[in-house]
Amino acid sequence: MTSSSSAHLPADNKVVIFVKRPGENNPPTVDCFDVIPIDSPTEKDITAEQCIVRTLFLSVDPAQRCRMNPSTGVDYLGPYEIGEPVDGMEGVGVVERAGSGSHLHVGDLVTGCIRLWTWTKYFVCDSSDLVKVNLPPSFSPSVILSCAGISGITALLGIRKKALIDRSRPQTIVVSGAAGSCGSLAGQIARIEGCSKVIGICGSDDKCKVLKEEFGFDNAINYKTEKVSDRLSELAPEGVDIYWDNVGGTISDNVIQSMNTGGRIVLCGQIAVYNTDLPYPPPLPDQTVQILKERNIERERYLVLTYKNEMDEAIAQLSEWLQQDKIKVKETIYDDLSSAPSAFVDMMTGKNIGKMLIRP
């Protein structure tokens, strides 16, 4: 086996355990999780094809809320089991020990390929489940999660596959959940791809400021203090052509009222109903359904996993834009694995700007 030294890994390992379901109609609370100390793996614990990984950053994502219910409602993601470790959509780490038959080496920066990422600091993994990542020296490994990971891929492919922006004419896009990781990227990518006006909806004046001053949105609406329908009438009198829907609920009903004939809705997420037992996507009010029908507005569920064979190309494009400073990312980072339950609960209540991450 290859290793950087024969010394043992540090003993300060922890793992996040799922201990309680919040109930389908309740928000998650920190006591749904427990963080317990565990032994760090040693070289004796790995086979020739395995390695030991030290987690550098963990991704915190709304989709994990669905896994807290007995059934997720989808066939591509299973529920958390009581007493079992929590795993997330993505992580990035560094190889600390590598088996003699591994294609990876000590010091390699890696992210997941076909596996979910356990919320722990040190763990054993099959090398074939990991992908080596090469980063320019000026970038933090966290950008793999905040830009060149699922959030960024979802934003890029969603805009290209579902928004169908027409560069030959002015088009207005509205993005809800716009200050989050995926929404903030979707708005920026829509601009690059040809949208002439980008409007974001978020939940605080600070977020509105970030959207306009850092992410380059034309305008932003604070749905907690402003009436979305009235503000859209002021900001987009020409009507809305594309709606990137991250939230659902009454916000989406208001946006749809402002949409033009032949408009398109990219149904990316419905965080407003994740703490309910409504099906996904949830049913719409009759008035909203009528508008969609009368104006011939397309509203399709969008699942990025449909485009697995295009993900590598998307990552390359996102990385290029990031290095060219054409897109910007923000990160909200909680330190230490013990903060993981709070990070998840706070993300679900919108306390993050950009990507919510844990640095174990």
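Bear in mind the structure is a predicted one, so any value in this text is a computation, not a measurement.

Visitor: Could you give an account of the nonpolar core, with specific residues and numbers?
Guide: Considering soluble globular proteins, one finds that nonpolar side chains tend to be buried as a cluster. Of all hydrophobic cores here, the largest spans 41 residues; its most connected members are Ile159, Ile173, Ile189, Leu211, Trp244 and Leu318. Mapped onto this core, the elements with two or more residues apiece are α3 (150–163), β11 (172–176), α4 (181–193), β12 (197–202), α5 (205–213), β14 (240–245) and α9 (311–323). Top contributing element to this core by residue count: α3, with six residues. Sequence-distant contacts of leucine 211, that is, excluding residues within four places in its chain, are made with Ala178, Ala179, Gly200, Cys202, Gly216, Phe217 and Ala220. Judged by nonpolar contacts, the second largest core, of 28 residues, contains Ala98, Leu337, Met347 and Ile358.

Visitor: How would you summarise the packing of α3 against α9 if you had to cite specific residues and measurements?
Guide: In contact at an axis separation of 9 Å, α3 and α9 are set at 105° when each is read in the N-to-C sense. Classified by the angle their axes make, α3 and α9 are roughly perpendicular. Residues Gly152, Ile153, Leu156, Leu157 and Arg160 of α3 form the contact with α9, whose own contacting residues are Met311, Ala314, Ile315, Gln317, Leu318 and Trp321.

Visitor: Describe unusual backbone geometry, naming the residues involved and giving the relevant values.
Guide: Backbone geometry places aspartate 325, a non-glycine residue, at a positive phi of 65°. Of note, aspartate 325 is situated in the loop between α9 and β17 (331–335). Phi is positive for aspartate 336, close to 80°, though the residue is something other than glycine. Within the element layout of this structure, aspartate 336 appears in the loop between β17 and α10 (340–348).

Visitor: Tell me what's going on with the domain arrangement of the protein, and back it up with residues and numbers.
Guide: By the assigned domains, the protein splits into domain 1 (14–146 + 329–358) and domain 2 (150–305). For domain 1 versus domain 2, the separation of C-alpha centres amounts to 29 Å. Taken residue by residue, the interface counts 22 residues in domain 1 and 18 residues in domain 2. Summing the contributions of domain 1 and of domain 2, the shared interface buries around 1,700 Å²; its carbon and sulfur component is 56%. Of all residues in domain 1, Tyr76, Lys330 and Ile353 give up the largest surface area on contact with domain 2, accounting jointly for 26% of the area buried on that side. Here domain 1 is connected to domain 2 by one salt bridge. One salt bridge connects lysine 330 with glutamate 214, and the closest N-O pair in it is separated by 3.4 Å. Inspection of the region where domain 1 meets domain 2 yields seven residue pairs in polar contact (both at pLDDT 80 or more). Residues that form the side of domain 1 that touches domain 2 fall into these classes: nine nonpolar, six polar and seven charged.

Criteria and thresholds
- Residues numbered from 1 in each chain as written.
- Predicted model: local features only at pLDDT ≥ 70, side-chain atom pairs only at ≥ 80, totals over all residues.
- Heavy atoms only, no water.
- Core = buried A, V, L, I, M, F, W, Y, C linked by side-chain atoms within 4.5 Å.
- Buried < 20%, exposed > 50% of the residue type's maximum accessible area, 1.4 Å probe, protein only.
- Helix = DSSP H or I, 4+ residues; strand = E, 2+ residues; numbered from the N terminus.
- Contact = heavy atoms within 4.5 Å.
- Axes fitted to C-alpha atoms, helices over the stretch in contact; angles between N-to-C directions.
- Parallel < 35°, antiparallel > 145°, perpendicular 65-115°, else oblique.
- Domains from an automatic or database assignment.
- Buried area = accessible area lost by both parts, 1.4 Å probe.
- Salt bridge = Lys/Arg side-chain N within 4 Å of Asp/Glu carboxyl O.
- Polar contact = N/O pair within 3.5 Å; in protein donor to acceptor, adjacent residues only side chain to side chain.
- Nonpolar A, V, L, I, M, F, W, Y, C, P; charged D, E, K, R; others polar.

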